[in-house]
Amino acid sequence: MLEENYQLKSLTVYDAPGHTPGSIVFYQKSSAILLAGDAMVTRGGLAVAGDKRWLFPFSAAATWSPATAIKSMERLNQLPIRYLLVGHGRAMEDANQKITKAIWRAERKVGHV
């Protein structure tokens, strides 16, 4: 099992529970890429796991804890993220401000966490 801060060549592991209890993401500092997996989706519009988007509701329906997913993304959004790569949807460039908006939207739906 990979734990937070484990280095896998140029990638650093970060815990990102929410979609599932043991979710992790990978971050490459040199290029500011966040490989977010299912912590976020861009298909149907950028959303934190658990924030239901009508064009792609499946990720939200399968999310273990939307409030935990929001907390994870708030913490990860402190990293400089030039490129966001997700499990469902297209890559996104210059992602930090967009992620901030997605977190705000999710907080409004779930309640401030």
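Structural data are supplied above this passage.
What counts and how
Residues numbered from 1 in each chain as written. Predicted model: local features only at pLDDT ≥ 70, side-chain atom pairs only at ≥ 80, totals over all residues. Heavy atoms only, no water. Salt bridge = Lys/Arg side-chain N within 4 Å of Asp/Glu carboxyl O. Helix = DSSP H or I, 4+ residues; strand = E, 2+ residues; numbered from the N terminus. Patch = residues over 30% accessible without salt bridge, like charges linked within 9 Å, V, L, I, M, F, W, Y side chains within 5 Å. Areas by Shrake-Rupley, 256 points an atom, 1.4 Å probe, with all protein chains shown as cover. Buried < 20%, exposed > 50% of the residue type's maximum accessible area, 1.4 Å probe, protein only.

## What about the pattern of salt bridges?
So, point 1. Summed over the entire model, instances satisfying the criterion amount to 4 salt bridges.
So, point 2. Of the charged contacts, one joins Arg105 and Asp51 as a salt bridge, the two residues approaching to 2.6 Å between their closest N and O atoms. Remark: Asp51 occurs in the loop between β6 (47-48) and α1 (58-61) and Arg105 occurs in helix α3 (residues 96-110); sequence separation between them is 54 residues.
So, point 3. The shortest N-O distance in the salt bridge between Lys109 and Asp51 comes to 2.8 Å. Note that Lys109 is positioned in helix α3 and Asp51 in the loop between β6 and α1, a separation of 58 residues in sequence.

## Quick look at a nonpolar patch on the surface
So, point 1. A contiguous nonpolar patch, built from Leu2, Tyr6 and Leu8 and spanning about 250 Å² of accessible area, is present on the exposed surface.
So, point 2. Residue placement: Leu2 occurs in the segment before β1 (7-8).
So, point 3. By relative accessible area, which is 34% here, Leu2 ends up partly exposed.

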